[in-house]
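Letter by letter, the chains look like this.
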Amino acid sequence: MTRAQGDPSPPDRSVSLDHFIGMYEAKTDPWDNATKRSDQRKYAVALASLPRARYRRAYEPGCAVGLFTRQLAPRCDELLAVDAVPEAVRQAAAAVREFPHVTVEQAVLPADLPAGTFDLIVIGDLLYYLSGGDLAELLSGLRTRLEPGGEIVAMHYRDRTGATWDGAHVHDALAALPGLERVVTHDDEWFLLDVLRLRP
């Protein structure tokens, strides 16, 4: 995969909820998260990159069908996972039904950011679907909800065919938030992963 040519910028409008609903109507697992080798490796790298063995309260926006949610659950005392698509929420809830400390809810971001604070936020393959305004609002909201010393894990495709706004750009936007410092970086031909910590 190669980065598309052109001036990098976020889309003028966020990708619509109807678009994602249609993807789930066409296919149960639209991104083949359960079978794609690159995704399985990405999840393994993300888990191995977590600086702490356990977290008090974690938040996973854009959880899709809950495959990573299920792997993350044993590392958290409490975990809130959300997705905008009702079918994704249904599948994710089924994937983690054995974990009573995991809550799965429908939420459209950035409008439906949760209350409270978190010591871990995990966000994957979501940020580059947002317009510049929605991205700025979401990143600001995540920063506000991250506890001092808490960590944000971001994992996104490195390049996206036909798009100028990709994982490299959204990770740079995230890293530019005040008070965040990169503590782990993984960069390969398929995806980028960063762990950023909010300085106490």
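Above this note sits the structure.
Please read these numbers as outputs of a predicted model, since none were measured by experiment.

Reading guide: rules and limits
Residues numbered from 1 in each chain as written. Predicted model: local features only at pLDDT ≥ 70, side-chain atom pairs only at ≥ 80, totals over all residues. Heavy atoms only, no water. 1 Å grid on protein atoms, 1.4 Å probe; cavity = no way out; pocket = protein on both sides within 12 Å on 5 of 7 lines; lining within 4 Å. Points joined across faces, edges and corners; volume = space filled by probe spheres on them. Helix = DSSP H or I, 4+ residues; strand = E, 2+ residues; numbered from the N terminus. Nonpolar A, V, L, I, M, F, W, Y, C, P; charged D, E, K, R; others polar. Salt bridge = Lys/Arg side-chain N within 4 Å of Asp/Glu carboxyl O. Buried < 20%, exposed > 50% of the residue type's maximum accessible area, 1.4 Å probe, protein only. Contact = heavy atoms within 4.5 Å. Pairing = 2+ DSSP bridges. Axes fitted to C-alpha atoms, helices over the stretch in contact; angles between N-to-C directions. Phe/Tyr/Trp six-rings, centres within 6.5 Å; stacked < 30°, edge-to-face > 60°. Lys NZ or Arg CZ within 6 Å of the ring centre and 35° of its normal.

Some remarks on the layout of surface pockets
Of the volumes computed, that of the largest pocket is approximately 640 Å³. Along the wall of the largest pocket there are 36 residues; nearest its centre are Gly62, Asp83, Gly124, Asp125 and Leu126. The set of elements that each furnish at least two residues to the lining of the largest pocket consists of α1 (17–26), α2 (37–49), α3 (67–72), β2 (76–83), β4 (118–124) and β5 (146–157). Residues belonging to the lining of the largest pocket are distributed by class as follows: 25 nonpolar, 6 polar and 5 charged.

Overview of the pattern of salt bridges
Throughout the structure, instances matching the rule amount to 16 salt bridges. The salt bridge partner of aspartate 39 is lysine 36, with a shortest N-O separation of 4.0 Å. Judged by relative accessible area, which is 2%, aspartate 39 ranks as buried.

Quick notes on the environment of leucine 127
Tracing the sequence through the fold places leucine 127 in the loop between β4 and α5 (132–145). For leucine 127, a relative accessible area of 0% gives the class buried. The spacing of leucine 127 and arginine 145 is 18 residues in sequence and 17 Å in space, taken between C-alpha atoms. With sequence-adjacent residues up to four places away left out, leucine 127 is seen in contact with Leu135, Leu138, Leu139, His156 and Val170.

Some remarks on the sheet that holds β4
Here 7 strands make up an open sheet; going across it, the order is β3-β2-β1-β4-β5-β7-β6 and the pairing mixed. Of all the strands in the sheet, the pair left with one neighbour each is β3 (102–106) and β6 (180–187). Across the sheet, the axes of successive neighbouring strands diverge by a mean angle of 15°, strand direction being ignored. Here β5 pairs with strand β7 (residues 191–198) via 7 bridges, running antiparallel. Paired with glutamate 151 across the bridge in β7 is arginine 197. Packed on one face of the sheet, α5 meets β1 (55–61), β4, β5 and β7 and runs near 140° to β5. The strands touched by helix α6 (residues 167–175) within the sheet are β5, β6 and β7, with β5 carrying the most contacts at an inclination of about 170°.

Section: the packing of aromatic side chains
Taken as a whole and judged by the stated rule, the model has 6 aromatic pairs. Here the aromatic rings of phenylalanine 20 and tryptophan 31 are separated by 6.1 Å at their centres, their planes lie at 40°, and the arrangement is tilted. On the criterion of sequence distance, the pair formed by phenylalanine 20 in helix α1 and tryptophan 31 in the loop between α1 and α2 is long-range, its members being 11 residues apart. Take phenylalanine 20: its relative accessible area is 15%, and that puts it in the buried class. With a centroid separation of 5.4 Å and 40° between ring planes, the pair formed by tyrosine 43 and phenylalanine 68 is classed as tilted. Within this pair, whereas tyrosine 43 is found in helix α2, its partner phenylalanine 68 is found in helix α3, the two being separated by 25 residues in sequence. On the accessibility criterion, tyrosine 43 (7% relative accessible area) is buried. By relative accessible area, phenylalanine 68 is classed as buried at 4%. For the cation-ring pair, lysine 42 lies above tyrosine 157, with the distance from its terminal atom to the ring centre recorded as 5.2 Å.

Regarding the environment of valine 153
Along the chain, valine 153 turns up in strand β5. Taking the relative accessible area as the measure of exposure, valine 153 reaches 1% and is therefore buried. Counting along the chain gives 141 residues from valine 153 to aspartate 12, while the straight-line C-alpha distance between them is 26 Å. Contacts of valine 153, omitting those with residues within four sequence positions, involve Leu50, Leu120, Ile121, Val122, Ile123, Leu193, Asp194 and Val195.

Some details on the pairing of β6
The sheet contact formed by β6 and β7 spans 7 bridges and is antiparallel. Opposite aspartate 187, over in β7, you have leucine 192 as the bridge partner.

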